[in-house]
Amino acid sequence: MRDWPLAMPGPGWGGDYNPEQWPEDVWIDDIRLMRRAGVNLATVGVFSWALIEVAEGRFEFGWLDRVLDLLHDGGVRVDLATATAAPPPWLTARRPEVLPVRADGARLWPGSRQSYCPTSTVYRDKAVGLARRIAEHYRDHPALACWHVGNEYGCHVPRCYCDRCTVAFREWLRARYGDDLKALNEAWATAFWSQHYTSWSQVLTPRITPAFHNPGLLLDFDRFGSDALLALFRAERDALRDVTPDVPVTTNFMVMRGFSAVDYWSWAREVDFVSVDHYPTAEDPERHIELAFSADLARGLAGGRPWLLMEHAPSAVNWQPRNIAKRPGELRRNAFQHLARGADGTLFFQWRASRAGAERFHSAMVPHAGEDTKIFREVCRVGAEYRKLGELLGSAVDASVAMVFDWPSWWALQQPSLPTADLDYREHALALYRALWQAGITVDFVPPSAELSGYRLVLLPALHLVSDMDARRIDNYVLGGGHALVTCFSGIADERGQVRLGGYPGAFRDLLGVRTEEFFPLGAGERVTLDDGGTATVWTELLHPDGAEVLASYTDGALAGMPAVTRHARGSGLAWYLACGLDEAGLRRLLARVCGAARVWPAVPAPPGVEVVRRRAPDADVSWLTVINHTDRDARLPARGVDLLTGTEIRDEATVPAGGCVVIRETPAGAARAADRDRGRVNSRKEY
């Protein structure tokens, strides 16, 4: 097996290609334009089941043969899909039991995509059979670079509640808890509301009920739902590996705002290389910061190894309330942001804009208006620039700060009957990340079980669920000299979702040297002031120091005079506690203080709004700075080396045009100084 698409000549550049939507004379023009744009990788066949298996057991590969031959002749490698993301009408009409069921019991009808239940044996058998036939047919095709299984698992149907899923859920629970219901009853605390089970037949999927569902059941159903989708992926992957063991297999994760259905830490171990989709919120003025967050999370899932951006939009999407076009230069900046943060390729959805169908107004590399367009000119520019950047392939991103990110904690914070509905897990983490991004500090994302000793600072935003083992690992990290910043609602519950008694923050009381006796969430729009000039919204708590030093207290509100931010010397390290929803300016001040204590610095000092990330060759004293200027003014920053995009030698200072990007191969002396300064940082190539 391989861990990267085969025979890639440089950074991957291209997109999702859907030739079946066009007559064959357009295909010839597509190859001409791909050559002009520097395309070297195309995803093909994602939604082609109905045109490959035209009737049950009857396959027509002729059209796809011609497409792959044309792409190969044009110098384009192919990420070939198993075509199973949308079952064909002949299957759903003949076997409607493959269709998924909502929590209200309604069955979802065909007519769009992902119209399948992940535990349906009928769908799985047909999908695996199709994947195997495609692999057998194209195993020796010279264009084949990698396999693309399914598409965006869980995007439209994150959970199915059908009778088959009920049976599968029980089987999953028995594997987790054993045949004895005692362990299940204990984990779910079924003594509450008379929910005690005496037979496995009484255990159901969490369809709509009169009041709040059992939190333990909801948490395990989320785990089951993620695992059920993963099992479906594995079935197709294993069929591909049987036929083509040397061709890498991936699927596109949705590491982006608004999607939480899948625990990608468990999925990342199952792909040969990580690939992700990312679509920013167009109306967010700081969407480039959220993009950086998602890209760093993708790199974390990849264990620091190169990853592929499988999909992003050249300009507007078609599914947001207001689909706003990207500004001139934004396509290029987005591409270089992903490349800077560890991607070794960036692809778009899609190559040519559809003239019909649900995504006809989604932007594409070749817009409806054709090649004489802002989008296509920018695509061609980046394609030409990528051809100069092959030396970056396989390099790793420097980071001395880790952020613990946990999907089960995210699921738990989406449940009902919590202290507040306003504590959004991902947005809470993003607020911390934003302060670090503004300071020029690069972040690795890690799971709660990660080895932390190589990091100078670890952030734990709202890590609500934590096992005893992971809590001890974090405590030992600080005892050994590490620095940790923990935020509100962390450590409250164990992995079952059961509250730890004795005072909050539960598992982290000793680490932080504090005890909270009661949560005091704030009302909608309510704001309180801190004595260091900061303000807090959403969350406060009645906190008592128990060895910790108070850094900031409330000056007004119900908790006037009580601590809001603390610091605790623990062994050789420091543990900071942020017990409130601090405003953006307050977070910047706090993170500056925390980073200073932990000896964490930016890669290079840069003006506000200028993003700088360092990549380093794993086995050589070579490093590169990628600099993206998100402002409307030229920016200058200290650097020495060669600008790979222009060939210009940079002696002491680099100038980055307004809205522009540069990639600098640093001089060995400069790279050595950076290494000396960052000595002790983590080797970011990790297995979790």
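Residues numbered from 1 in each chain as written. Predicted model: local features only at pLDDT ≥ 70, side-chain atom pairs only at ≥ 80, totals over all residues. Heavy atoms only, no water.

**A short note on the pairing of strand β13 (residues 401–404)**
Two faces make up the sheet, and in a regular strand the side chains alternate between them. Going residue by residue along β13, you find Val-401 and Met-403 tucked away on one face and Ala-402 and Val-404 tucked away on the opposite face as well. In terms of strand pairing, β13 meets strand β14 (residues 443–446) through four bridges, oriented parallel. Directly across from Met-403, in β14, lies its bridge partner Phe-445. Pairing analysis gives three bridges linking β13 to strand β15 (residues 457–460), with the strands arranged parallel. Bridged to Ala-402 within β15 is Val-458. (Buried < 20%, exposed > 50% of the residue type's maximum accessible area, 1.4 Å probe, protein only. Helix = DSSP H or I, 4+ residues; strand = E, 2+ residues; numbered from the N terminus. Pairing = 2+ DSSP bridges.)

**Concerning the layout of surface pockets**
When its volume is computed, the largest pocket comes out at roughly 1,200 Å³. Lining of the largest pocket is provided by 46 residues; of these, Phe-47, Ser-112, Arg-113, Ala-358 and Glu-359 occupy positions nearest its centre. Every element with two or more residues in the lining of the largest pocket is listed here: α2 (49–52) and α4 (89–94). When its residues are assigned to classes, the lining of the largest pocket shows 20 nonpolar, 17 polar and nine charged. (1 Å grid on protein atoms, 1.4 Å probe; cavity = no way out; pocket = protein on both sides within 12 Å on 5 of 7 lines; lining within 4 Å. Points joined across faces, edges and corners; volume = space filled by probe spheres on them. Nonpolar A, V, L, I, M, F, W, Y, C, P; charged D, E, K, R; others polar.)

**Comments concerning the packing of aromatic side chains**
Under the counting rule described, the total for this entry stands at 41 aromatic pairs. When the ring of Tyr-153 is compared with that of Trp-267, the centres are 5.5 Å apart and the planes differ by 55°; the resulting orientation is tilted. On the criterion of sequence distance, the pair formed by Tyr-153 in the loop between β6 (144–148) and α6 (163–177) and Trp-267 in helix α9 (residues 264–268) is long-range, its members being 114 residues apart. Residues Tyr-153 and Trp-267 agree in their burial class; the two are buried. Sitting over the face of the ring of Trp-411, Arg-159 holds its NZ or CZ atom 5.8 Å from the ring centroid. Above the ring of Trp-22, the side-chain terminus of Arg-352 is found at 5.6 Å from the ring centroid. (Phe/Tyr/Trp six-rings, centres within 6.5 Å; stacked < 30°, edge-to-face > 60°. Lys NZ or Arg CZ within 6 Å of the ring centre and 35° of its normal.)

**Digging into the packing of helix α1 (residues 24–37) against helix α12 (residues 374–386)**
Running from amino to carboxyl end, α1 crosses α12 at an angle of 55°, the nearest separation of the two axes being 7 Å. If you check the angle between α1 and α12, you find them oblique. Across the interface between the two elements, Leu-33, Arg-36 and Ala-37 from α1 touch Phe-376, Val-379, Cys-380 and Gly-383 from α12. Residue composition of the contact of α1 with α12, by class: five nonpolar, one polar and one charged. (Axes fitted to C-alpha atoms, helices over the stretch in contact; angles between N-to-C directions. Parallel < 35°, antiparallel > 145°, perpendicular 65-115°, else oblique. Contact = heavy atoms within 4.5 Å.)

**Topic: α6**
In this model, α6 (15 residues) spans 21 Å end to end at C-alpha, consistent with the 21 Å of a helix rising 1.5 Å per residue. All buried positions along α6 are accounted for by Cys-165, Thr-166, Ala-168, Phe-169, Arg-170, Trp-172, Leu-173 and Tyr-177. Along its buried surface, α6 packs onto α7 (181–188) and α8 (215–243). At the exit of α6 stands Gly-178, carrying a positive phi of roughly 90°. (Expected span 1.5 Å × (residues − 1).)

**A word on the sheet that holds strand β16 (residues 483–487)**
In spatial order, the strands read β14-β13-β15-β16-β23-β22-β21; together these seven strands make up an open sheet with mixed pairing. Looking at which strands have only one partner, the edges of the open sheet turn out to be β14 and β21 (549–553). Sheet twist, expressed as the average angle between the axes of neighbouring strands with direction ignored, equals 20°. Where β16 lies against strand β23 (residues 573–578), five bridges are found, and the strand directions are parallel. Across the sheet, residue Val-486 finds its bridge partner in β23, namely Tyr-577. Where helix α10 (residues 287–301) meets the sheet, its contacts fall on β13 and β14, and the angle it forms with β14 comes to roughly 55°. Relative to β23, helix α17 (residues 584–598) is tilted by about 170°, and along the sheet it contacts β15, β16, β21, β22 (563–570) and β23.

What is shown is where atoms sit, not what they do.
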